[in-house]
Amino acid sequence: KAGVTQTPRYLIKTRGQQVTLSCSPISGHRSVSWYQQTPGQGLQFLFEYFSETQRNKGNFPGRFSGRQFSNSRSEMNVSTLELGDSALYLCASSLDGWGEKLFFGSGTQLSVL
Amino acid sequence: EDQVTQSPEALRLQEGESSSLNCSYTVSGLRGLFWYRQDPGKGPEFLFTLYSAGEEKEKERLKATLTKKESFLHITAPKPEDSATYLCAVQAANTGFQKLVFGTGTRLLVSP
């Protein structure tokens, strides 16, 4: 059974640009969550999608957005990139999300120059 | 505000030297406490979920316990392959679904 797949693995952007990250969950999983991981802050919750609907959102500015498609694949978008957006962005999936363990992908390492 | 604090930040052990990692939490109603292991360059890998005080779970050399204010991850006779960052996270009963609050982790290094 394939795990959670995130693309691209690495990304380098400059300030002001926008970026789109992709996540394919484990087959059959309908919940997809996104987390930002930085050395100082650890993992911080961005948002969670279930059946194409955003169910929960963390404390991030509106520049961070996401969506989920009918096949449960998800994308997150960051507009007007700032230096502080440099981080590892992790996607996680689960069957339906309530109190279940998360299966994480290997992440997309974003560097903003 | 829900909060998770892990200690120590880093721990160096000799192979076979047992120890414990601590996770203290404050949460408005605990739905579940999770332990994950993260290797460099990879995403976190699930280890345990604990739901109520007094609960214990074991897996190979690892044992997780839970009280009303903290959780411990006991590592018995560790091996070099146990070297990783161990993350603790809580899910509050009133925040809904998959919003986990993570600690910053304990970096464990086990030397042969």
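Notes on the structure in this doc start here. (Residues numbered from 1 in each chain as written. Chains lettered and ligands numbered in written order. Predicted model: local features only at pLDDT ≥ 70, side-chain atom pairs only at ≥ 80, totals over all residues. Heavy atoms only, no water.)

### Quick word on the overall build of chain B
Put simply, the test is: Only runs of H or I of at least four residues qualify as helices and only runs of E of at least two qualify as strands under DSSP, and these elements are numbered from the N terminus. Here the radius of gyration uses the C-alpha set of atoms, whereas the globule reference equals 2.2 Å times the residue count to the power 0.38. Note on exposure labels: buried denotes an accessible area under 20% of the residue type's maximum, exposed denotes more than 50%, and partly exposed covers the range between, all computed with a 1.4 Å probe on protein chains only. Per-residue accessibility takes into account occlusion by the displayed protein chains alone, with areas from the Shrake-Rupley method and a 1.4 Å probe. Only four residue types enter the tally: Lys and Arg on the positive side, Asp and Glu on the negative side; His and the chain ends are excluded. Charged groups are reduced to one reference atom each: NZ for lysine, CZ for arginine, CG for aspartic acid, CD for glutamic acid.
On a plain count of helices and strands, chain B comes out with zero helices and 11 strands. Of the regular secondary structure in chain B, the N- to C-terminal order runs β-β-β-β-β-β-β-β-β-β-β. Computed over its C-alpha atoms, the radius of gyration of chain B comes to 14 Å, within 12% of the 13 Å expected for a compact globule of 112 residues. Looking at chain B as a whole, 48% of its 112 residues are labelled buried. Roughly 5,400 Å² of accessible area belongs to chain B as shown, and the carbon and sulfur atoms make up 48% of that amount. Separation between the mean location of the 13 positive side-chain charges and that of the 14 negative ones in chain B comes to 3 Å.

### Focus: the nonpolar core
Here is the rule: Buried residues of nine kinds, namely Ala, Val, Leu, Ile, Met, Phe, Trp, Tyr and Cys, make up a nonpolar core once their side-chain atoms join them within 4.5 Å. Should any heavy atoms of two residues lie within 4.5 Å, those residues are considered in contact.
The biggest cluster of nonpolar side chains holds 22 residues, and the ones touching the most others in it are B:L33, B:W35, B:L73 and B:Y86. Only β2 (10-14), β3 (19-26), β4 (30-38), β5 (45-50), β7 (62-66), β8 (70-75), β9 (84-92) and β11 (106-111) of chain B provide two or more residues apiece to this core. Per-element tally for this core: the top contributor is β9(B), with four residues. If we skip the residues at most four places from it in the chain, B:Y86 touches B:Q6, B:L21, B:W35, B:Y36, B:R37, B:L47, B:L62, B:L73, B:G105, B:T106 and B:L108. In this structure, A:L11, A:V19, A:C23 and A:A87 belong to the second largest nonpolar core, which totals 21 residues.

### Thoughts on the sheet that holds β7(B)
Pairing between the strands of a sheet comes from backbone hydrogen bonds, and it takes one of two forms, parallel or antiparallel. Residues and elements named next belong to chain B. Note the threshold: Two strands pair under a simple rule: DSSP has to find at least two bridges between them. Fitted lines through C-alpha atoms give the axes, limited to the stretch in contact for helices. The angle between two N-to-C directions lies from 0 to 180 degrees.
Spatial strand order, β1-β3-β8-β7-β6: five strands in an open sheet with antiparallel pairing. Only two strands of the sheet have a single neighbouring strand rather than two, namely β1 (3-7) and β6 (56-59). For this sheet, the mean angle separating the axes of adjacent strands, direction not counted, is 15°. Here β3 runs beside β8; their pairing, made up of six bridges, is antiparallel. By the bridge assignment for β8, C23 is matched with S71.

### Description of the sheet that holds strand β8 (residues 74-78) of chain A
All names here are of chain A. The antiparallel open sheet is built from four strands, whose spatial order is β1-β3-β8-β7. Both outer strands of the open sheet, β1 (5-7) and β7 (64-68), are each paired with one neighbouring strand and no more. With strand direction ignored, the average angle separating the axes of adjacent strands in the sheet is 20°. Two elements, β1 and strand β3 (residues 19-24), share three bridges in a ladder whose sense is antiparallel. Across the sheet, T5 pairs through a bridge with S24, a residue of β3.

### Brief notes about unusual backbone geometry
Between A:T7 and A:P8 the backbone carries a cis peptide bond, its omega angle lying at -10°. As for its position among the elements, A:P8 is in the loop between β1 and β2 (10-13). Each neighbour pair has its own omega, and for B:S7 with B:P8 the value is -10°, a cis peptide bond. Position of B:P8 among the secondary structure elements: in the loop between β1 and β2.

### Some details on the pattern of salt bridges
All names here are of chain A. As a reminder, the rule being used: What counts as a salt bridge is simple: a side-chain nitrogen of Lys or Arg found within 4 Å of a carboxyl oxygen of Asp or Glu.
Under the defined criterion, the tally for this structure stands at nine salt bridges over all chains. Measuring nitrogen to oxygen at the nearest pair gives 3.6 Å for the salt bridge that ties E82 to R63. Separated by 19 residues along the polypeptide, E82 in the loop between β8 and β9 (87-94) and R63 in the loop between β6 (53-57) and β7 bring together distant segments of the chain. Taking the relative accessible area as the measure of exposure, E82 reaches 43% and is therefore partly exposed. Taken together, the salt bridges that share partners define one network made up of R63, E82 and D85.

### Focus: the interface of chain B and chain A
The cut-off we apply is this: Buried area adds together the accessible area that both of two parts lose upon being put together, with accessible area traced by a 1.4 Å probe. For the purposes of these results, a polar contact is taken to be a pair of N or O atoms within 3.5 Å, where, inside protein, one atom must be able to donate a hydrogen and its partner to accept one; residues adjacent in sequence count only when each atom of the pair is a side-chain atom. Each residue gets one label: Ala, Val, Leu, Ile, Met, Phe, Trp, Tyr, Cys and Pro are nonpolar, Asp, Glu, Lys and Arg are charged, and the others, such as Gly, are polar.
Counting from both sides, the interface comprises 21 residues of chain B and, opposite them, 25 residues of chain A. Both faces combined, the contact of chain B with chain A buries some 1,900 Å², and carbon together with sulfur accounts for 56% of it. Linking chain B with chain A are zero salt bridges, by the criterion used here. Here chain B is connected to chain A by four residue pairs in polar contact (both at pLDDT 80 or more). At the level of secondary structure, the elements contributing two or more residues to the side of chain B that touches chain A comprise β4 and β9 of chain B. Within the side of chain B that touches chain A, the residues separate by chemical class into 10 nonpolar, eight polar and three charged.

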